[in-house]
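What follows is the residue order along each chain.
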Amino acid sequence: MKLVGIVGSNAEVSYNRTLLKFIQKQFSSLIDIEIIEIKDVPMFNQSDDQTNSPVIQNINRKILNADGVIIATPEHNHTIPAGLKSVLEWLSFKIHPLENKPVMIVGASYYDQGSSRAQLHLRQILDAPGVNAMVLPGNEFLLGKVKEAFDENENLKDQGTVGFLGSCLEKFIQFIKVVAVIEGPKKIELEPEDLYATGKIDTTIEGVDMYADDWLEQAAEKVGAVEGNTYVKLDRGLLTVDQLNYFLASMPMELTYADNNNQFLYYNQTKPAEEMLAARVPGQVGNPLAKCHPEKVHKNVGYVIQQLRSGAMDAFRVNVPTHGPDKYVVHNYQAMHDKEGNFAGINEFILDFKPIIDWYLKQTGQTLIGDVDAVSGASAKEKDHKEDVDAVSGASISEKEETKETVDAVSSASVKG
Amino acid sequence: MKKFIGLVGTNSNKSTNRMLLQFMQNHFSSKAEIEIVEIRDIPVFNKPEDKQIPEIVQVIADKIDTADGVIISTPEYDHAVPASLMNALSWFSYGIFPFVDKPVMITGASYGTLGSSRAQLHLRQILDAPELKARIMPSSEFLLSHSLQAFGEENQLNNQDQVQKLEGLFEDFLAFVTITNQLNHAHAQNKKEAENFSWETI
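Residues numbered from 1 in each chain as written. Chains lettered and ligands numbered in written order. Predicted model: local features only at pLDDT ≥ 70, side-chain atom pairs only at ≥ 80, totals over all residues. Heavy atoms only, no water.

*Asks:* Would you take a moment to explain the overall build of chain A for this structure?
*Replies:* The secondary structure content of chain A amounts to 13 helices and 13 strands. Counting the 417 residues in chain A, one finds 46% classified as buried. Sequence-distant contacts, at least 24 apart, represent 65% of the contacts inside chain A between residues at least 6 apart. (Helix = DSSP H or I, 4+ residues; strand = E, 2+ residues; numbered from the N terminus. Buried < 20%, exposed > 50% of the residue type's maximum accessible area, 1.4 Å probe, protein only. Contact = heavy atoms within 4.5 Å.)

*Asks:* Looking at this structure, I do not really get the environment of A:Leu234. What am I missing?
*Replies:* When you line up the elements, A:Leu234 lands in strand 7 (residues 231-234). Apart from the residues within four sequence positions on either side, A:Leu234 is in contact with A:Leu239 and A:Leu244.

*Asks:* Before we go on, may I ask you to explain the packing of helix 3 (residues 82-90) of chain A against helix 3 (residues 83-91) of chain B in this structure?
*Replies:* What describes two packed helices is the angle between their axes and the distance between those same axes. Two numbers describe how helix 3 of chain A lies on helix 3 of chain B: the axes approach to 8 Å, and their chain directions differ by 170°. With respect to helix 3 of chain B, the element helix 3 of chain A is oriented roughly antiparallel. Touching A:Ala82, A:Lys85, A:Ser86 and A:Glu89 of helix 3 of chain A are B:Ala83, B:Met86 and B:Asn87, all from helix 3 of chain B. The class makeup of the residues in the contact of helix 3 of chain A with helix 3 of chain B is three nonpolar, two polar and two charged. (Axes fitted to C-alpha atoms, helices over the stretch in contact; angles between N-to-C directions. Parallel < 35°, antiparallel > 145°, perpendicular 65-115°, else oblique. Nonpolar A, V, L, I, M, F, W, Y, C, P; charged D, E, K, R; others polar.)

*Asks:* Looking at this structure, how should I read the pairing of strand 3 (residues 69-74) of chain B?
*Replies:* Note on strand geometry: in a regular strand, side chains alternate between the two faces of the sheet. Residues and elements named next belong to chain B. The buried fraction of strand 3 amounts to six of the six residues, a majority that puts the element mostly inside the structure. Pairing analysis gives five bridges linking strand 1 (residues 2-8) to strand 3, with the strands arranged parallel. Considered in strand 3, the bridge of phenylalanine 4 is made with glycine 69. Where strand 3 and strand 4 (residues 103-109) come together, five bridges link them in parallel fashion. (Pairing = 2+ DSSP bridges.)

*Asks:* Is there a simple way to explain the interface of chain A and chain B in this structure?
*Replies:* It is common to report an interface's size as the accessible area lost on association of the parts. Each side of the interface is counted separately: chain A has 27 residues, and chain B has 31 residues. Between chain A and chain B lies a buried interface of about 2,600 Å² when both sides are counted; carbon and sulfur atoms form 55% of it. On the chain A side of the interface with chain B, the three residues burying the most area are A:Met43, A:Asn77 and A:His78, jointly 24% of the side's total. Seen at the junction of chain A and chain B, the total is zero salt bridges. In this assembly, chain A and chain B are joined by 16 residue pairs in polar contact (both at pLDDT 80 or more). (Buried area = accessible area lost by both parts, 1.4 Å probe. Salt bridge = Lys/Arg side-chain N within 4 Å of Asp/Glu carboxyl O. Polar contact = N/O pair within 3.5 Å; in protein donor to acceptor, adjacent residues only side chain to side chain.)

*Asks:* For this particular structure, what's the right way to read the packing of aromatic side chains?
*Replies:* For any pair of aromatic rings, geometry is given as the distance between the ring centres together with the angle between the planes. Residue and element names in this part refer to chain B. Following the criterion strictly, the structure yields 16 aromatic pairs over all chains and no others. For the pair phenylalanine 173 and phenylalanine 176, a centre-to-centre distance of 6.4 Å together with 25° between the ring planes defines the contact as stacked. Here the residue phenylalanine 173 and the residue phenylalanine 176 both occupy positions in helix 5 (residues 160-182), the gap between them amounting to three residues, near one helical turn. Judged by its relative accessible area of 0%, phenylalanine 173 falls in the buried class. The class for phenylalanine 176 is buried, based on a relative accessible area of 15%. Pairwise contacts between aromatic rings join Phe4, Phe28, Phe170, Phe173 and Phe176 into one cluster. (Phe/Tyr/Trp six-rings, centres within 6.5 Å; stacked < 30°, edge-to-face > 60°.)

*Asks:* I would appreciate a short explanation of the pairing of strand 12 (residues 329-337) of chain A in the present structure.
*Replies:* All names here are of chain A. Burial of strand 12 is extensive: seven of the nine residues sit out of reach of the surface. In this sheet, strand 13 (residues 343-352) lies alongside strand 12 in antiparallel orientation, the contact comprising nine bridges. Bridged to glutamine 334 within strand 13 is asparagine 347. What sits between strand 12 and strand 13 in their antiparallel hairpin is a turn of five residues, with glycine 341 showing a positive phi close to 90°.

*Asks:* Whenever I open this one, the environment of B:Gln125 confuses me. Can you help?
*Replies:* Residues and elements named next belong to chain B. Tracing the sequence through the fold places glutamine 125 in helix 4 (residues 117-127). Judged by its relative accessible area of 38%, glutamine 125 falls in the partly exposed class. For the pair glutamine 125 and isoleucine 136, spaced 11 residues apart in sequence, the C-alpha to C-alpha distance is 9.9 Å.

Now the structure itself:
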């Protein structure tokens, strides 16, 4: 269960933040909470639309991809803080990520009211047509006299309170499932992927044929790329281009970089194509992703990129079993992001896990017990993966099946790619 | 003549609540002087440790302090008062307390049928908070619905029933200000309480 926890205060010190962190820590076996802050969100102004600013889009994306939202609100002047109200106004103006989203309200305050009036207001606000959230009824969690409520490790002292909080959260998890039934299967419309990379991003090198075998040489000349013993400053370190190459070439995996325009820009070339786990040839660098995969798998490639671009998945993994029993080769597609959290492309790393598992077993003196299933670790992997998919889509059975089919289709595709 | 502040309850460039206050400013010019004040440039409230109040907030607070009363006209965003107005009121209750015992009249306009009814109730509760502690005119409500169609070419309210209702309420407000001024025995004490009020020690 993947949730977002919104800290309803922009103050540096906030007991509502402490409360969310406690929930995150204490109930990690029940739920996975990402805590988000609102302090950088500008004041809502309908004459100055900033819906597309990174800070608002980030919150939007995270809420859209979560199964539910927990809002922790303080009380200011008998109501919720202006900063929280401002966020909710942005999220009900041009975009509506909270629509039909299960929401749970908690709150902490210095005095014994425990944010009671703010919580009632928040319910009314979340009920407004532009917001249209599905707020968990009852289960009011008011944490009064909050200055005395936590111990030095920021744990709630009172066990009765912890127990009640846990029962509220369990109800919320049930509520999320009920809402999923009310809403029916989710249909998230994702933009189709342009696998031919006909678009342009800031780093796209124009005027060089992407399909050319010597794209790298032409493009490097065009931008005056540095090489050899020229220094490059990195986060965090200083290496020459040569050192960077040694470093990447020594990685025990095949690395591939595709940018967010779906252009294949780099792989760590260490072996001839026929010896690689997934064949790459020097002339492929620069190609659009469409050129790197046979046309019949374009649909599946597009699906994976959509998931990573939208944030529905952070990583997509698939085992490719065609290398024989001595290897356990996994293709990992990992989303990359810039510092603002915007999608920056895909890091694909292809790794044989078998030597790692063998080494681990040898070091710890353990053996794998059981049949082929246990040896390959396949069933465990499969289960993990299914849970991921579940968390993302809040999926019904039929969706689960659909995703599994796609995984299979991609895996057979990647062998050829 | 009484002097009032007309506080526009939104930071939006286009606002029928601003138009309503402008109408009142003209229509009641023989009875009171209404200065319209904008909250647009008030920065986001961030609870500064040193209680340093931004200059623009102090300027408005001083105006409220010397005025005989405040008329707040609020739109309704998501069943509640706009964040920008809540933000302004957060500043007006943080180390400065211009609203304590200040007579306040609430009006509101909305594009739809309900005329900001829920925002007005919300605003009453906010103004009742211990650090604002305004004197809100009781049992009065002016809800201007379908506000985009409510005004004529010269910013006149088209509907005469509404004009009459507003005239009645405004007369009441003038009387309410006079009465409230007689209820000033506890003012010094109230002000002190608001100043000394601390959520830390309650």
